[in-house]
Amino acid sequence: MNGNAPRVFVTGAGVLSPVGNNVEACWQALIEGKSGAGPITRFDASDYETRFACEVKDFSFEGVLDRKEAKRMDRFVQFAVVATHEALRSAGLADQRPDPERIGVIIGSGIGGMETFEEQHTALLQKGHRRVSPFFIPMMISDMAAGQVSITYGLKGPNYGTVSACASGAHAIGDAFRLLRAGDADVMICGGAESTITPMAVAGFGNMRALSTRNDDPQRASRPFDVGRDGFVIGEGAGILVLETEAHAKARGATPIAELVGYGASGDAYHITSPCVDGDGAARAMKRALADAAMPVDEVGYINAHGTSTPAGDPIEVTAVKSVFGDHAHKLWMGSTKSMTGHLLGAAGGLEAVICALTLQRGIVPPTINLEAPDPQCDLDLVPNTARNAKLKAVMSNSFGFGGHNVSLLMRAVS
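Keep in mind that this is a model prediction, so the values were computed, not measured.

**Quick notes on the environment of Ala29**
(1) Moving on: By secondary structure assignment, the location of Ala29 is in helix α1 (residues 23-31).
(2) Moving on: Distance from Ala29 to Val19, taken between C-alpha atoms, is 6.1 Å for residues 10 residues apart in sequence.
(3) Moving on: With near-sequence residues (within four places) excluded, Ala29 lies in contact with Val19, Lys34 and Met340.

Here it is as structure tokens:
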């Protein structure tokens, strides 16, 4: 880390999740150990092998977008705009945004407008090419979450999207962090948004045997690190952070939630979907985050794991953590909130970064629910089933994506 680089603080957060449509509702559900899984309602999944998901319930854009604007946005973009509304309000930037040219936006999405793509492809096949919407392309492309947030809130700083599968939201936060430390902006809106509970996405993930098929008990289906896990539960939503340089936050009297201190990224160079079996790529991302923060391993008290509930991925992450943290691995806590939210794909890193910031601020670590019989290979303290009170110095958030993309983010408590 450059000792002359400005410190960066989290000063606001916004959430749309399967367990709550704002930060407070989501947080309360998480510390109570509630699952967001249930039968799929977005389409008729009655003949699918997986018929459940972690959907956002009762979503409304009222008060944020008018109907004409919303109709020109895919659902994942609506999520991003609405979650940003909450994040700006919580940061005290809803009504006054000094120098919009110094406020940027980076929002990741692993897949983008899948729902729009499927709807317009159906229109093409059934009604012909003239019936494809002129808004198809700008509704569908993955960068439009960042683009529409910039347009909606008049933010004129650096603006783009990140696409790295399930690491997309975390990459967005890490890149925003670097832009702030480089002096390219004073404030960055960053995170992830995803909405791909659609016929093709569920079919695709299902046919590659990535999804749980526990249709008789959806709320117990996402069970990271448990010997009975059989795949992830697809989710949707958005997690947005307001990041701000220390000088800018102090000048306007903002109250920080947490400090972002480290960002590490790596590539597996191994396989299109499987992580390397020794966890080398994940380990290198964690090591880089620690080096970036100049932080000794024993300061990290909790890791919000990627922990998707897949047979291969969970023990590999544990192996990677052990290789990085050594003896301290058995002293820290590592849990997976995906046991409750499901896997939000490109939005996962954004939501989980919000959760990590709140963990530091509020001194509570959410549980890993459904952990009834831990896999012997997953022999760390995985915070099973019940939240814990703890004042932690630092926490890490891990996000890994198809294609071998790895990101680790490090946050420190505000002192």
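**Digging into the packing of aromatic side chains**
Any two aromatic rings considered together are summarised by their centre-to-centre distance and by the angle between their planes.
(1) Moving on: All chains considered together, the criterion is met by 6 aromatic pairs.
(2) Moving on: Between Phe43 and Tyr48, the aromatic rings sit 5.3 Å apart at their centres with planes inclined by 65°, giving edge-to-face as the arrangement. With respect to burial, Phe43 and Tyr48 carry one shared label: buried.
(3) Moving on: Summarising the aromatic geometry, the rings of Phe59 and Phe61 are spaced 6.5 Å apart at their centres and angled 65° between planes, so their arrangement reads as edge-to-face. Phe61 matches Phe59 in its accessibility class, with the two residues each being buried.
(4) Moving on: An aromatic cluster of three or more residues is present, and its members are Phe59, Phe61 and Phe79.
(5) Moving on: Positioned over the ring face of Trp333 is Arg388, at 4.7 Å from the centre of the ring.

**Considering the sheet that holds strand β5 (residues 159-160)**
(1) Moving on: In spatial order, the strands read β5-β4-β6-β7-β1-β8-β14-β13-β9-β10; together these 10 strands make up an open sheet with mixed pairing. Each edge of the sheet is formed by a strand with only one pairing partner; in this case those strands are β5 and β10 (333-335).
(2) Moving on: Two elements, strand β8 (residues 258-267) and strand β14 (residues 405-412), share 8 bridges in a ladder whose sense is antiparallel. Across the sheet, residue Ala265 finds its bridge partner in β14, namely Val407.
(3) Moving on: Of the strands in this sheet, β1 (8-16), β4 (103-108), β5, β6 (187-194), β7 (237-245), β8, β13 (394-401) and β14 touch helix α7 (residues 168-182), which is tilted by about 115° from β8.
(4) Moving on: Running over the sheet, helix α10 (residues 280-293) touches β8, β9 (300-304), β13 and β14 and is turned about 140° from β8.

**Structural notes on the pairing of β1**
Along a regular strand, successive side chains alternate from one face of the sheet to the other.
(1) Moving on: The buried fraction of β1 amounts to 9 of the 9 residues, a majority that puts the element mostly inside the structure.
(2) Moving on: Strand direction decides the pairing type here: β1 and β7, joined by 8 bridges, are antiparallel. Pairing of Gly14 across the sheet is with Ile240, part of β7.

**Some remarks on unusual backbone geometry**
(1) Moving on: In this structure, Arg209 takes a positive phi of about 65° despite not being glycine.
(2) Moving on: Positionally, Arg209 belongs in the loop between α8 (199-207) and β7.
(3) Moving on: Phi at Leu345 takes a positive value of approximately 55°, unusual for a residue other than glycine.
(4) Moving on: Mapping Leu345 onto the fold places it in the loop between α12 (338-341) and α13 (348-362).

About the criteria used
- Per chain, residues are indexed from 1 in the order of the written sequence.
- Reporting of local features is limited, given that this is a predicted model, to residues whose pLDDT is at least 70; pairs of side-chain atoms are given and counted only at 80 or more, and all residues count toward the totals for whole chains, interfaces and linings.
- In computing side-chain values, all of the structure's heavy atoms are included and hydrogens and water are not.
- The numbering of helices and of strands both runs from the N terminus, where a helix is a DSSP run of H or I of at least 4 residues and a strand a run of E of at least 2.
- Contacts were defined at the residue level, with two residues in contact if any of their heavy atoms lie within 4.5 Å.
- When two rings of Phe, Tyr or Trp (its six-membered ring) have centres within 6.5 Å they constitute a pair, described as stacked for plane angles under 30 degrees, edge-to-face for angles over 60, and tilted for the intermediate range.
- We call a residue buried when its accessible area falls under 20% of the maximum for its residue type, exposed when it is over 50%, and partly exposed in between, using a 1.4 Å probe and counting protein chains only.
- Lysine NZ or arginine CZ positioned within 6 Å of the ring centre and within 35 degrees of the ring normal marks a charge as sitting over the ring.
- Strands qualify as paired when DSSP identifies two bridges or more between them.
- A fitted line through C-alpha atoms represents every axis, and for helices the fit uses only the stretch in contact; the resulting angles, taken between N-to-C directions, go from 0 to 180 degrees.

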